[in-house]
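Coordinate inspection notes
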Amino acid sequence: MGDVLFIALRRLRVPLITLILAYAISVGGLVAMPGQDAQGQSASLSFFHAFYVVSYTATTIGFGELPFAFTDAQRAWITFSIYLSVICWAYALGSIFALVQEPVFRTAVARGRLARRVRWLDEPFYIIAGYGQSGMALAHAFDALGTRSVLIELRPERAAQADVDDYKEPPLALCADARWPEALRDAGVTHPRCKALIVLVGDDEAVQAIAIGAAALAPELPIIARVHSALASANLDSFANISVINPFESFALNLQMALATPAVLWVEEWLSSVPGSTCPVPPEIPKGFWLILGFGRFGQAVSRALEHGGATWTAIDSNDRLCDQPHLQHGDNSIDSLHSAGIENAVGVVACADSDAMNLALVTRARKIKPDLHVIVRQNNVTQRSLIEAARANLCFVKSEIMVRECLQLLVSPLLNRFLLQVRKHGPKTAEQIAVRLLTELDERVPYIWAFSCEPASPGLRAVLNGETAHPLRLSELLINPQEASETLAAVPLLLLSGDTEIMLPPLDTELKAGDRILFAGRRGVEGLQSRFYLDPSPLEYVRSGVEPQRSWLFRTLCARFAEKAAIDAR
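Right, let's talk about the environment of Ala-305 for a bit. Tracing the backbone through its elements, the reader meets Ala-305 in helix α13 (residues 297-308). Separated by 116 residues in sequence, Ala-305 and Val-189 have C-alpha atoms that sit 37 Å apart.

Written as structure tokens, this is what we have:
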């Protein structure tokens, strides 16, 4: 509101001064005009009566000669005051209408309104800086998880797009430059319910400015920054609360795993995709000689992945400024260039151009020479998906999908990232066991991921974790429906973190201790049912005995007396 008031006072300074002068002249002149009372005696108006008469006269809401009939001199001055005030009010109202139409003022009003709504938020939320393809996909993913988003977007048309997109709970959109500390504060970076800031703007310089500025404002806030260069990544790695994601390197790592350990990649994509979506198809990438069409940042990342995965490659690029290396061939991607690069011996091609139309043309040209090529293509614009679909690619690089998967992996459950690192470490056999168990106990859709913490401070777990009960808490008891003991919850325990020990796929008879954390994958709604174990001891007693325990003092007293009477009768 401070910015709005400042802009209004600065823009309306001259109209307000003009209006004040017009009132001052009208009131002063009316006081000076000679008048008469009802008895014909000379009497002038007081300042109060003069201001009262000028007020309703200037605003044209009526006219009356008070407190007594006016003289001709007073009526002449009132006539002058009417024309003067009408002109001044017309000037002031015109200035107000012009101010309301100014983009700067409208932006300040919208920003102040959003800042107030953010301050009143009483639920966890994420801040997304940049509402492009990746930002939109991530906001929809958070919406599917039931979490609120706050958007910061510099382009007005993109910020306005959030109001028309289909959301269950529309995000709050702020049209501002996220590099400004005031914009970050208004978006809620320092808000206690803010869970993380995700920076998805296109320019690496802006990404660094936003991420570092937010880290200075909120040193404890988790920040995820998307970068495309090694220099930007190195600059941000020195900040403890900033996680860096390079989508090119992430895709290259996935490609490397698809060549060496496809089962590991399948499990990783399955667990880190948008919950509720269709299970991804296991990738099949052949080893052998590959042709890379375009050797920019994406093409270079792909080449390193192919080498680490045991494949060979040759790249074709028309940019003469690229450094010469043995596997790089300068050419125009023509049929002759493809032949000279050895396309007859290739098992696949990677179309890495910055244009979707160009990638489609490259794939079509390559398939004319060798129809059975395995094709990997880069999609640059989500609105041109039809061009990529026309390429009939075996694997498609979509930056927004990579970012959604990586961000969910880091934000939704920190244990998920540790679990996936363990899957990579254990290799394909463990990944296949996990896939079989997920398919058997759940279904072929992406499960919901959450963590259950064995906190002794929780009312429902205090007694059992502090050793006050006869039996310790076991993992199997957390998989019983606390509302219907005969039913088992559709969830799979993936990882048990007990102190510094990580246990993959822990046995169901595992005894849980205070401080243990369990990573679960399950169907929608299971997390809410499982959270009932935190509330009070009743759910745990119910799943152990199958009998609903008495909750009120009256019923507990009656049951104790009945039990005592039964014991006496038995003796």
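Let us look at the environment of Leu-291. Relative to the helices and strands, Leu-291 resides in strand β7 (residues 289-293). Considered as a pair, Leu-291 and Ala-341 are 50 residues apart in the sequence and their alpha carbons are 7.6 Å apart. Here Leu-291 is in contact with Thr-314, Ile-316, Leu-338, Ala-341, Ile-343, Gly-348, Val-349 and Val-350, once residues within four sequence places are set aside.

All right, on to the state of the cysteines then. Within the structure shown, the criterion is met by 0 disulfides. With no disulfide of its own, Cys-407 lies closest to Cys-194 among cysteine sulfurs, the gap being 14 Å.

What follows covers unusual backbone geometry. In this structure, Pro-67 follows Leu-66 across a cis peptide bond, with omega equal to 0°. Mapped onto the secondary structure, Pro-67 falls in the loop between α3 (47-58) and α4 (72-101). Non-glycine residue Leu-505 carries a positive phi angle of around 45°. Within the secondary structure, Leu-505 sits in the loop between β15 (501-504) and β16 (517-522).

To continue, consider the packing of helix α11 (residues 247-260) against α13. Axis separation between α11 and α13 bottoms out at 8 Å; the angle between their running directions is 25°. Classified by the interaxial angle, the pair formed by α11 and α13 is roughly parallel. By crossing handedness, the relation of α11 to α13 is classed as right-handed. Across the interface between the two elements, Phe-248, Glu-249, Phe-251, Ala-252, Leu-255, Gln-256 and Leu-259 of α11 pack against Arg-297, Phe-298, Ala-301, Val-302, Arg-304, Ala-305, Leu-306 and His-308 of α13. Partitioned by chemical class, the residues of the contact of α11 with α13 number 10 nonpolar, 2 polar and 3 charged.

Turning our eyes to something else, we now look at the packing of helix α6 (residues 133-144) against helix α17 (residues 399-411). Two elements in contact, α6 and α17, have axes whose closest approach is 8 Å; the angle formed by their N-to-C orientations is 45°. Our classification of the angle between α6 and α17 gives oblique. Taken as a pair, α6 and α17 cross one another with a handedness that is right-handed. Along its contact with α6, which presents Gln-133, Ser-134, Ala-137, Leu-138, Ala-141 and Phe-142, the element α17 presents Lys-399, Ser-400, Met-403, Val-404, Cys-407, Leu-408 and Leu-411. Looking at the contact of α6 with α17 residue by residue, the classes come out as 9 nonpolar, 3 polar and 1 charged.

We now examine the pairing of β7. Along any regular strand, the residues point their side chains to alternate faces of the sheet. Counted residue by residue, β7 has 5 buried out of 5 residues, so it is predominantly covered. What you see with β7 is no split at all: Phe-289, Leu-291 and Leu-293 on one side and Trp-290 and Ile-292 on the other are buried throughout. Chirality of the crossover, the property in question, places the unit of β7, α13 and strand β8 (residues 312-317) among those that are right-handed. Two elements, β7 and strand β10 (residues 348-351), share 4 bridges in a ladder whose sense is parallel. The residue bridging Leu-293 from the neighbouring strand is Ala-351, located in β10.

Ranked by internal contacts, the top residues of the largest apolar core, which has 55 residues, are Leu-271, Leu-306, Phe-419, Leu-438 and Leu-494. Once you skip the residues sitting within four places of it in the chain, Leu-271 turns out to touch Leu-416, Phe-419, Leu-420, Leu-438, Pro-447, Ile-449, Leu-494 and Ala-521. Counting 34 residues, the second-largest nonpolar core is a separate cluster that includes Ile-152, Ala-178, Cys-194 and Ala-232.

Let us look at the side chain of Gln-329. With respect to the helices and strands, Gln-329 occurs in strand β9 (residues 328-330). Within the local environment of Gln-329, its side chain forms a polar contact with the backbone oxygen of Ser-337, the two atoms lying 3.2 Å apart. Ignoring anything within four residues of it in the chain, the contact list for Gln-329 reads Ala-315, Ile-316, Asp-317, Ser-337, Ser-340 and Ala-341.

Here strand β5 (residues 223-226) pairs with strand β6 (residues 242-245) via 4 bridges, running parallel. Considered in β6, the bridge of Arg-226 is made with Ile-245. For the segment spanning β5, helix α10 (residues 230-237) and β6, crossover handedness is right-handed.

In this section: a nonpolar patch on the surface. On the surface, Leu-5, Leu-9, Leu-16 and Ile-20 cluster together into a nonpolar patch covering about 390 Å² of accessible area. At the level of secondary structure, the elements contributing two or more residues to the nonpolar patch comprise α1 (2-11) and α2 (13-32). Mapped onto the fold, Leu-16 is located in helix α2.

The next thing to look at is the pattern of salt bridges. For the structure shown, the criterion picks out 15 salt bridges. One salt bridge connects Asp-186 with Arg-111, and the closest N-O pair in it is separated by 2.6 Å. Here Asp-186, found in helix α8 (residues 181-187), pairs with Arg-111, found in helix α5 (residues 103-119); they are 75 residues apart in sequence, far enough to count as distant. Note on Arg-111: relative accessible area 12%, which makes it buried. Across the pair Arg-418 and Glu-502 runs a salt bridge whose closest N-O atoms are separated by 2.7 Å. Of the two residues, Arg-418 sits in helix α18 (residues 414-426) while Glu-502 sits in strand β15, which places them 84 residues apart along the sequence. Each of Glu-65, Asp-72 and Arg-75 takes part in a single network of salt bridges with overlapping partners.

With that settled, consider the packing of aromatic side chains. Enumeration over the complete set of coordinates arrives at 13 aromatic pairs. Look at Phe-248 and Phe-298: their rings are 5.6 Å apart centre to centre, the planes differ by 55°, and that puts the pair in the tilted class. Within this pair, whereas Phe-248 is found in helix α11, its partner Phe-298 is found in helix α13, the two being separated by 50 residues in sequence. Connected via pairs of aromatic rings, a cluster forms that spans Phe-248, Phe-251, Phe-298 and Phe-397.

Averaged over the chain, the pLDDT score is 87; the fraction of residues at 70 or greater is 96%. Across the chain, element-level confidence peaks in strand β1 (residues 125-129) with a mean pLDDT of 96 and bottoms out in helix α23 (residues 553-570) with 68.

Pairing is parallel in the open sheet, where 6 strands are placed in the order β3-β2-β1-β4-β5-β6. Looking along the sheet, the strands with just one partner apiece sit at the ends: β3 (172-175) and β6. On average, adjacent strands in this sheet sit at an angle of 20° to one another, irrespective of strand direction. Taken together, the 3 bridges between strand β4 (residues 194-199) and β5 define a ladder with parallel strand orientation. Residue pairing for β5: Leu-197 is matched across the bridge by Ile-223. Each of β1, β2 (148-153) and β3 touches α5; the most contacted strand, β3, lies at about 145° to it.

Here is what the cut-offs are and how they apply
- Residues numbered from 1 in each chain as written.
- Predicted model: local features only at pLDDT ≥ 70, side-chain atom pairs only at ≥ 80, totals over all residues.
- Heavy atoms only, no water.
- Helix = DSSP H or I, 4+ residues; strand = E, 2+ residues; numbered from the N terminus.
- Contact = heavy atoms within 4.5 Å.
- Disulfide = S-S within 2.5 Å.
- Axes fitted to C-alpha atoms, helices over the stretch in contact; angles between N-to-C directions.
- Parallel < 35°, antiparallel > 145°, perpendicular 65-115°, else oblique.
- Left-handed = near helix turned anticlockwise from the far one by under 90°.
- Nonpolar A, V, L, I, M, F, W, Y, C, P; charged D, E, K, R; others polar.
- Buried < 20%, exposed > 50% of the residue type's maximum accessible area, 1.4 Å probe, protein only.
- Right-handed = clockwise from strand over helix to strand, strands pointing away.
- Pairing = 2+ DSSP bridges.
- Core = buried A, V, L, I, M, F, W, Y, C linked by side-chain atoms within 4.5 Å.
- Polar contact = N/O pair within 3.5 Å; in protein donor to acceptor, adjacent residues only side chain to side chain.
- Patch = residues over 30% accessible without salt bridge, like charges linked within 9 Å, V, L, I, M, F, W, Y side chains within 5 Å.
- Areas by Shrake-Rupley, 256 points an atom, 1.4 Å probe, with all protein chains shown as cover.
- Salt bridge = Lys/Arg side-chain N within 4 Å of Asp/Glu carboxyl O.
- Phe/Tyr/Trp six-rings, centres within 6.5 Å; stacked < 30°, edge-to-face > 60°.
- pLDDT = per-residue confidence, 0-100.

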